[in-house]
Amino acid sequence: MAGTTRVGVLALQGDFREHAAMVSALGAEPVEIRLPADLEGIDALIIPGGESTTIGKMAKRYGLVEPMRDLINSGLPTLGTCAGMIVLSSATTGADQHLLGVLDVVVERNAFGRQVESFEELVSVDGLDEPIRAVYIRAPWIEKVGAAVEVLAETQGHPVVIRQKNVLATSFHPELTTDTRIHRMLLDLVEEA
C-alpha cells in the first residue's frame, strides 16, 4: 500500500521539502498542496513547521482552510509538526490566528523559547521502541488537552506528541532528522483507515 499512498504536504511556507523527502524515503508519493484542487486524491496530509501565522494567513488566502478542515474532520490521516501543530489546534494562548480547530488542544506558541534557545533531546514516544531525537526550534507546547486527545510523549511536563483519532502532532521537527518513525506513524494511520 505504501507505494501508492499519496501524501499531501502543505507547501505554502516552512519546511515542506524536508517532509516530502521523508515521505519519499518511506515509498509514498509526496504531493505539494498550494490550492484546494491539489487536495484531491490524497491519502494523508502533513502541515509542516514554519511560521504558523503566515501558514494560516496563506491557507485562508488560497481557500485551503475549509477544504482541509473538512477532509481532516472526515478522517483524513494528518500530521502537524511545530507550526503545523499550532495550525491544527483549536486555540492558542496568544493572539488570534487562522486555525483549523481539528485538535482539541490549546497551544502556546514559542513556549520553549526563541530561535537562539533551540535545542535537541531524546524523547520516548508511546508505540516506539527507542527514543526519538526531537529538534525544537521556537517550538510550541501544549498547554491544555481535551478528553479525546492521547498524549504519546511529554517533556518538561508538557505534551509534545499527541494523537486525536486520525490526527497526529508534534511540537518538534522530525523531518529535520533521518528518523522516519513519526512519518511511518502517519502512514500507519492511512493503513488503519
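Residues numbered from 1 in each chain as written. Predicted model: local features only at pLDDT ≥ 70, side-chain atom pairs only at ≥ 80, totals over all residues. Heavy atoms only, no water.

## Description of the sheet that holds strand 5 (residues 89–92)
Okay, so step 1: Judged by pairing direction, the sheet is mixed, and its three strands sit side by side in the order 5-6-9 without closing on themselves. Looking at the sheet topology across the chains shown, the edges are occupied by strand 5 and strand 9 (141–145). On average, each strand axis in the sheet is inclined to that of its neighbour by 35°, with strand direction left out of account.
Okay, so step 2: Sheet analysis places strand 6 (residues 103–108) next to strand 9, joined by four bridges and oriented antiparallel. Opposite glutamate 108, over in strand 9, you have tryptophan 141 as the bridge partner. (Pairing = 2+ DSSP bridges. Helix = DSSP H or I, 4+ residues; strand = E, 2+ residues; numbered from the N terminus. Axes fitted to C-alpha atoms, helices over the stretch in contact; angles between N-to-C directions.)

## Focus: the confidence of the model for the protein
Okay, so step 1: Chain-level statistics for the protein give a pLDDT mean of 92 and a share of 95% at 70 or above.
Okay, so step 2: Mean pLDDT per element in the protein: strand 9 is the minimum at 90, and strand 3 (residues 44–47) is the maximum at 98. (pLDDT = per-residue confidence, 0-100.)

## A look at the environment of arginine 6
Okay, so step 1: Mapping arginine 6 onto the fold places it in strand 1 (residues 6–10).
Okay, so step 2: Relative accessible area serves as the criterion here: at 25%, arginine 6 is assigned to the partly exposed category.
Okay, so step 3: Linking arginine 6 and glutamate 154, residues 148 residues apart in sequence, is a C-alpha distance of 30 Å.
Okay, so step 4: Dropping the residues within four chain positions of it, arginine 6 is found in contact with Glu29, Val31, Glu40, Gly41, Ile42, Asp43 and Ala44.
Okay, so step 5: A distance of 3.4 Å separates a polar atom in the side chain of arginine 6 from the backbone oxygen of glutamate 40. (Buried < 20%, exposed > 50% of the residue type's maximum accessible area, 1.4 Å probe, protein only. Contact = heavy atoms within 4.5 Å. Polar contact = N/O pair within 3.5 Å; in protein donor to acceptor, adjacent residues only side chain to side chain.)

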